[in-house]
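Report on the structure
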Amino acid sequence: MNQEPIVALATAPLKSALAIVRCSGDGIFDIVNKCFSKKIKLINEKNKIYYGYIKNSKEIIDQVILLAYKSPFSFTGEDSVEIICHGSVLIANEIIEVLIKNGCRYAVNGEFSNRAFLNNKINLIEAEAINDVINSVSKESKNLSMLSLIGKSNDLVINIKNKIADIMSLIEVNIDYPEYNDIENVTKEKIETDISDICQNLKQTISNGEKGKIIKDGLKVAIVGKPNAGKSSLLNAFLKQNKAIVTSVAGTTRDVVEGEIILNGIYLKLLDTAGIRESENLIEKEGIKKSKQAINEADLVIYVVDVTDKDEDLDILENIKDKIVVKVYNKSDLVKKDDDKLYISALTNDIDPLKDEIIKKLNLSKENYQNPSINNARELGLLKKCYDYLNLVLQENNDGLSLDLISIDLKNAYNCILEILGEETDLDFTKEIFKRFCVGK
Ligand SMILES: Nc1nc2c(ncn2[C@@H]2O[C@H](COP(=O)(O)OP(=O)(O)O)[C@@H](O)[C@H]2O)c(=O)[nH]1
Ligand SMILES: [Mg+2]
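Here the residue numbering is sequential within each chain, running from 1 through the sequence in written order. By the order in which they are written, chains take letters starting at A while ligands take numbers starting at 1. Residue-level local features of this predicted model are given only where pLDDT is at least 70; pairs of side-chain atoms are given and counted only at 80 or more, and the full residue set underlies all totals for whole chains, interfaces and linings.

1. As for the overall build of the protein
Within the protein, the regular secondary structure consists of 15 helices and eleven strands. A compact globule built from 441 residues should have a C-alpha radius of gyration of about 22 Å, whereas the protein, at 29 Å, is more than 25% larger. In terms of overall dimensions, the protein has C-alpha extents of about 80 × 75 × 40 Å along its principal axes. Put plainly, a residue is buried at 20 or more neighbouring C-beta atoms within 10 Å of its own, exposed at 12 or fewer, and partly exposed in between, counting only other residues' C-beta atoms, which are placed from the backbone. The burial tally for the protein puts 35% of its 441 residues in the buried class. For the purpose of contact definition, each residue receives a C-beta atom placed from its backbone, and two residues are in contact when these atoms lie within 7 Å. Of the contacts made within the protein by residues no fewer than 6 positions apart, 64% connect residues no fewer than 24 positions apart. Think of it this way: any DSSP run of H or I at least four residues long counts as a helix, any run of E at least two long counts as a strand, and we number them from the N terminus. In this treatment the radius of gyration is a C-alpha quantity, and the globule benchmark scales as 2.2 Å times the residue count to the 0.38 power.

This is the structure:
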């Protein structure tokens, strides 16, 4: 594969103690040697550290530590060099410029990871996990992404891939080599049992993945209720600051006010909305429209009810009926709490029972935090697609369709799994068959 030499700044373009310029590709050692005070030479070593100067002709740009990695023992799998220079944007840029002058091209976003993927150093699950680790906002979310980054989530998918390939091979062999009598006859019952078993496994993997996704990406939480119920006060109590305007005038909040918190390691994006009610005021009407949008986007809704208000709001209930809802009774400081309703007081910051209830609603176990899962949106989407195809296979099998027809949707299911791993989907399947059966012996 032609691996054009590329270069990029691996650290943030800010003033700092050190910065790292990274380059990789064909002839990268020759290119670096043209501007480095020493000669990179890796004979028996996989990698080597040098100390020297980066120069532009005779002019010294910086004193650096240089790490050279011989292919395939680098992140990209190519010959690569990391230059640790002083953390001035000016210096980093000069080093990049001299490398470009000597034959590199500036890398596009994600190109180093892309090369690692193309050179089989990482699969797509691991590549996506790099991004997830970098974007983590809590320790818990980082820990979970790290499991995928180091390859611990792969088995969950590979296991499903192998099981589908097993039954697919058996079906293909039955179609293509009916003359072999030492091969298990694939019956309707066999297909039913094996595919149901895979579906069961997939269902569990998807469910664990969705919980993992909550830990990894967090949730959007809309705070809704009638005007004056105390929604903005609740947002402020969560944030421990006066972010949203609170007044006793109903209809104070017009725009959606956002805030972020980490609750038990889970990132929550809180959306304080305008109280939903009939209004003729143009601005308030716009706000109410936005409230409804926020409800639509939310993964979870906190429905705030003023405990002194006796009327249930049917319009709001209609809007939140398809959501996970936590209903809280606010202003508990004004009443006697003599039943088991979920009481809080946003005014006195007494909102712990609500926090506990949110966590309870998410139904996360210790395992969800600690075990690897398929928690990336793209990967989860493909797992669900695979699950749908397998259910189609079950139905087709049940309807007595021929093996050729059943095998089409089985192949579709299999391709979803290949896509998760970033493997090619149009490869000849015969090698999978040969791996399993001594056909043609
Ligand atoms: N006594 C009491 N008053 C509250 C509480 N929460 C909010 N309020 C008051 O209720 C009024 C409306 O509050 P606000 O947060 O603006 O309600 P929103 O319209 O739902 O956003 C304000 O006067 C608040 O001080 C509470 O827990 N207890
Ligand atoms: Mg408000």
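What follows picks up the thread again.
2. Structural notes on the packing of helix α6 (residues 154–176) against helix α14 (residues 403–421)
Where α6 contacts α14, the axes come no closer than 10 Å and their chain directions differ by 155°. Viewed along their axes, α6 and α14 adopt a mutual orientation that is roughly antiparallel. Judged by the twist between their axes, the crossing of α6 over α14 is left-handed. Taken together, the residues of α14 that come into contact with α6 (itself represented by Val157, Ile160, Lys161, Ile164, Ala165, Met168, Ile171, Glu172, Asn174 and Ile175) are Leu403, Asp404, Ile406, Ser407, Leu410, Lys411, Ala413, Tyr414, Ile417, Ile420 and Leu421. Angles here are taken between N-to-C directions and fall from 0 to 180 degrees, while the axes themselves are lines fitted to C-alpha atoms, restricted in helices to the stretch in contact. Throughout, the term roughly parallel applies to angles under 35 degrees, roughly antiparallel to angles over 145, roughly perpendicular to angles from 65 to 115, and oblique to all others. It is the rotation of the near helix from the far one that decides the hand of a crossing: anticlockwise by less than a right angle makes it left-handed, clockwise makes it right-handed.

3. Comments concerning the domain arrangement of the protein
Interface size is commonly expressed as the accessible area that is lost once the parts come together. According to the domain assignment, the protein consists of domain 1 (6–118), domain 2 (154–213 + 376–436) and domain 3 (218–364). Either an automatic procedure or a domain database provided the assignment from which the domain bounds are taken. Each of domain 1 and domain 2 has a C-alpha centre, and the two are 44 Å apart.

4. Concerning the site of ligand 1
Only the C-beta atom matters for nearness: placed from the backbone, it must lie within 6 Å of the molecule or strand for the residue to count as near. Surveying the vicinity of ligand 1 reveals 21 residues, the closest of which are Gly230, Lys231, Ser232, Ser233 and Leu347. If you tally residues by element for the shell around ligand 1, the top one is helix α8 (residues 231–239), at three residues. Along the lines of polarity and charge, the residues of the shell around ligand 1 split into six nonpolar, twelve polar and three charged. Basically, the charged four are Asp, Glu, Lys and Arg, the nonpolar ten are Ala, Val, Leu, Ile, Met, Phe, Trp, Tyr, Cys and Pro, and anything else, Gly included, counts as polar.

5. Observations concerning unusual backbone geometry
Note that the residue after serine 71, namely proline 72, is joined by a cis bond; omega there is 5°. Tracing the chain through its elements places proline 72 in the loop between β4 (59–69) and β5 (80–86). Of note in the backbone geometry, lysine 240 takes a positive phi value of approximately 55° without being a glycine. Counting through the fold element by element, lysine 240 comes out in the loop between α8 and β8 (257–263).

6. A word on the sheet that holds strand β2 (residues 18–24)
Two strands qualify as a pair provided DSSP detects at least 2 bridges between them. Here six strands make up an open sheet; going across it, the order is β3-β4-β5-β2-β1-β6 and the pairing mixed. Both outer strands of the open sheet, β3 (47–56) and β6 (105–106), are each paired with one neighbouring strand and no more. Bridge analysis of strand β1 (residues 6–9) against β6 gives two bridges, and the strand direction is parallel. When the sheet's bridge partners are listed, valine 7 is paired in β6 with tyrosine 106.

7. Let's talk about the sheet that holds strand β9 (residues 266–272)
Strands in a sheet are paired, the pairing made by backbone hydrogen bonds, and the direction either parallel or antiparallel. Strand order in the open sheet formed by five strands is β8-β9-β7-β10-β11, with mixed pairing between adjacent strands. Because the sheet does not close on itself, it has two edges, and the strands there are β8 and β11 (324–330). Across the sheet, the mean angle from the axis of one strand to that of its neighbour is 25°, orientation sign disregarded. The sheet contact formed by strand β10 (residues 300–306) and β11 spans seven bridges and is parallel. Its bridge partner lying in β11, valine 301 is registered against valine 325. α8 rests against β7 (219–225), β8, β9, β10 and β11 of the sheet, and its axis sits at about 40° to β8.

8. Brief notes about helix α4 (residues 124–135)
To estimate how far a helix should reach, multiply one less than its number of residues by 1.5 Å. In this model α4 runs 17 Å from its N-terminal to its C-terminal C-alpha over twelve residues, within 8% of the 16 Å that 1.5 Å per residue would give. Looking at α4, one finds that the buried residues are Ile125, Glu126, Glu128 and Ala129. One side of α4 holds all its buried residues, which, seen down the axis, span an arc of 160°. Summarising the geometry of α4, the exposed residues directed more than 90 degrees from the buried face are Ile134 and Asn135. Considering only its buried residues, α4 is in contact with α5 (139–149), α6, α13 (377–398) and α14. It is the directions from the helix axis to the C-beta atoms that the arc portrays.

9. A short note on the nonpolar core
What we call a nonpolar core is a set of buried Ala, Val, Leu, Ile, Met, Phe, Trp, Tyr and Cys residues whose membership is set by joining through C-beta atoms within 7 Å. Judged by nonpolar contacts, the single largest core of 38 residues is most densely connected at Val221, Ala222, Ile223, Val224, Val301, Tyr303 and Val304. Secondary-structure elements contributing two or more residues to this core are β7, α8, β9, α9 (282–297), β10, β11 and α11 (352–362). Not counting the four nearest positions on each side in its chain, valine 301 is found in contact with Ala222, Val224, Ile295, Ile320, Lys323 and Val325. Counting 30 residues, the second-largest nonpolar core is a separate cluster that includes Ala129, Leu202, Leu382 and Tyr389.

10. Observations concerning the packing of α13 against α14
Where α13 meets α14, the axes come as close as 8 Å, and the angle between the chain directions of the two elements is 165°. The angle between α13 and α14 places the two elements in the roughly antiparallel class. Pair α13 / α14 crosses with left-handed handedness. On the side of α13, the interface is formed by Glu379, Leu382, Leu383, Lys385, Cys386, Tyr389, Leu390, Leu392, Val393, Glu396 and Asn397, while α14 contributes Leu405, Ile406, Asp409, Leu410, Asn412, Ala413, Cys416, Ile417, Glu419 and Ile420. Residue classes in the contact of α13 with α14 are distributed as 14 nonpolar, two polar and five charged.

11. Topic: the pairing of β7
Among the seven residues in β7, five count as buried, and that is most of the element. As paired elements, β7 and β10 share five bridges and run parallel to each other. Bridge assignment links glycine 225 to a residue of β10, and that residue is valine 304.

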